[in-house]
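A look at the structure
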Amino acid sequence: MHHFHYAGQNLHCESVDLAEVARLYGTPTYVYSAATIADNYQRLSNSLKGLDVRVCYAVKANSNLAVIRHLSNLGSSFDFASAGEMRRVVAAGGSVRTSVFAGVGKTETEIRLALEAGIASFHVESEPELARINHVAGKLGLKAAIAIRVNPDVDANTHAKITTGTSANKFGIPIRQAAAAYEAASKYPNISIQGVQTHIGSQITEVAPFVRTLEKLAPLAAELKERYRISYISIGGGIGVVYKDALASGAAAWWDAQPEGTRPLTPEAYGAALAPALRKLALKVLVEPGRSMVANSGVLITRVEYLKRGQGKNFLIVDAAMNDLVRPAMYDSYHEIVPLHRDTTRRALVADVVGPVCENTDTFARDRQIQEVGEGEYVALMSAGAYGHVMASRYNTRPLPAEVLVRGSSFEQVTARETFEQMIANEKIPAFLK
Ligand SMILES: *Cc1c(COP(=O)(O)O)cnc(C)c1O
């Protein structure tokens, strides 16, 4: 559920008319709903009630400082994929001491910075990384808390580019080798074994892969608790969201109308399916949701530049492009596209919705039926709050888009649109060309 809806004819985010945001700040602009993020956070936390749970929001999904601050105010800790993300959390006033550091390629510098900042734990992905963390911790005279990321070899039935939990992926240590890796870890003087971790992929829309993973991991976790007194299990992120009926899924009635068995994964179903096995382990539980906290909290609003009527094909050319939102080009992903001003007297239009970048993949939707809209009008790409702005680039020397946060009837720009001067600030012409 989310807080985007039509009030009268105009699409609103909470109590704010999105046309107003477009007029004030221009387009393309990402707009986020603080109430939706709060709901997402609260629902997941409540779904695991009764357990000793810590939510570590995966910063990579949306690392805007305002989003981080909002989640921190709600009580969230964080999961970093780089030192840069950790520094964002520090800058936003979040807690590093309760947060964790993930990723297959942590550099020496990143490990040092994280140890100096008092990171709660490293999620280790290989034996050489273990040796490196031990080495860096030794130089600082510290003990590094770790959990090993275990690859359970479970297929999450999601897009191949976002599957991480099968033996064919680069992530984690295969579950059969995990006991040996922990044994090796226990021999390092500057390592303190604290937990076990897994994460099997993203946009997982059924509960079964999570359940299978926990079934595989629970015996290992129990053994590690016995042997090394581990204090926590981290079950990763990966909870899927609704992309196809994004707008309709804002209403509770839409969820009630979905037939039993085909209802998309909810935080409540996720929590209910996993809580019994977790309770038995009696360990602290970490969850690392990214997408499910922020995806449906954001839209990308964009202006229609041209409606180009071709032979048997229409093109709706908008001022957002693959550099602003790369998911359709990169993952073939679907984003619902709706007009900011709804007019039921207009005809429907079937068109490819495309950006201005010189690439065929700069296409947000193919043969999409939408209300006829013309030059100067606006549309919104729904469910763009996760892996949207964070993946934006400057391809075609297009500035990184603006971001706006809404709460109730208040809204503020939380990232200004880049200027041309900022885009070229780090470049120079070498002396030998002068
Ligand atoms: C990306 C990632 C997450 C978050 O995944 P979502 O699908 O966005 O919930 C959590 N944990 C780890 C280790 C990750 O790499």
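Predicted, not measured: the structure shown is a model, and the values here were computed from it.

In this section: the site of the ligand. Near the ligand you find 15 residues, and of these Lys 60, Ser 202, Glu 288, Arg 291 and Tyr 387 are the closest. Taking Gly 238, its main chain carries an N or O atom lying 2.8 Å from an oxygen atom of the ligand. The contact in question runs from an oxygen atom of the ligand to an N or O atom on the side chain of Tyr 387, over 2.6 Å. Summarising the interface, the protein chains cover 92% of the accessible area of the ligand, which totals 380 Å² for the free molecule.

The next subject is a nonpolar patch on the surface. Taken together, Ile 429, Phe 432 and Leu 433 make up a surface patch of nonpolar side chains, about 400 Å² in accessible area. Considering the arrangement of structural elements, one finds Phe 432 in the segment after α13 (420-424). Since its relative accessible area comes to 71%, Phe 432 is described here as exposed.

As a further point, take helix α7 (residues 175-187). Within the sequence span of α7, burial applies to Ala 178, Ala 181, Tyr 182 and Ala 185. In the core, the buried residues of α7 are packed alongside α6 (127-140), β9 (144-151), β10 (173-174), β11 (191-197) and α8 (208-228).

Take Gln 203: it is sitting in the loop between β11 and α8. Residue class for Gln 203 comes out buried when judged on its relative accessible area of 14%. In this structure the side chain of Gln 203 is engaged in a polar contact, spanning 2.9 Å, whose partner is the backbone oxygen of Val 241.

The subject of this paragraph is the domain arrangement of the chain. Here the chain is described as being made up of domain 1 (34-290) and domain 2 (296-423). Between the C-alpha centres of domain 1 and domain 2 the distance comes to 31 Å. In total, domain 1 and domain 2 occlude about 2,000 Å² of area from one another, counting both sides; carbon and sulfur atoms represent 57% of this. Between domain 1 and domain 2 we count 0 salt bridges in total. Per-element accounting of the side of domain 1 that touches domain 2 gives the leading share, 4 residues, to helix α2 (residues 34-47). A class-by-class count of the residues in the side of domain 1 that touches domain 2 yields 9 nonpolar, 7 polar and 4 charged.

A separate point is the environment of Pro 28. Tracing the backbone shows Pro 28 in the loop between α1 (18-25) and β4 (29-33). With 344 residues separating them in the primary sequence, Pro 28 and Glu 372 have C-alpha atoms 20 Å apart. What Pro 28 contacts, discounting residues up to four positions off in sequence, is Leu 300, Ile 301, Asp 319, Ala 320, Asp 324, Arg 398, Pro 401, Ala 402 and Arg 417.

Our focus in this paragraph is the pattern of salt bridges. Side chains carrying opposite charge are able to pair once their charged atoms draw close together. Taken as a whole and judged by the stated rule, the model has 18 salt bridges. Two residues, Glu 183 and Lys 187, come together in a salt bridge whose shortest N-O distance is 2.9 Å. With Glu 183 and Lys 187 both in helix α7, this residue pair falls 4 residues apart, about one helical turn. Close ionic contact of Arg 303 with Glu 305 constitutes a salt bridge, the shortest N to O distance being 3.1 Å. Residue Glu 305 is classed as partly exposed on the basis of its relative accessible area, which comes to 24%.

What counts, and where the lines are drawn
Residues numbered from 1 in each chain as written. Predicted model: local features only at pLDDT ≥ 70, side-chain atom pairs only at ≥ 80, totals over all residues. Heavy atoms only, no water. Near = heavy atom within 4 Å. Polar contact = N/O pair within 3.5 Å; in protein donor to acceptor, adjacent residues only side chain to side chain. Areas by Shrake-Rupley, 256 points an atom, 1.4 Å probe, with all protein chains shown as cover. Patch = residues over 30% accessible without salt bridge, like charges linked within 9 Å, V, L, I, M, F, W, Y side chains within 5 Å. Salt bridge = Lys/Arg side-chain N within 4 Å of Asp/Glu carboxyl O. Helix = DSSP H or I, 4+ residues; strand = E, 2+ residues; numbered from the N terminus. Buried < 20%, exposed > 50% of the residue type's maximum accessible area, 1.4 Å probe, protein only. Contact = heavy atoms within 4.5 Å. Domains from an automatic or database assignment. Buried area = accessible area lost by both parts, 1.4 Å probe. Nonpolar A, V, L, I, M, F, W, Y, C, P; charged D, E, K, R; others polar.

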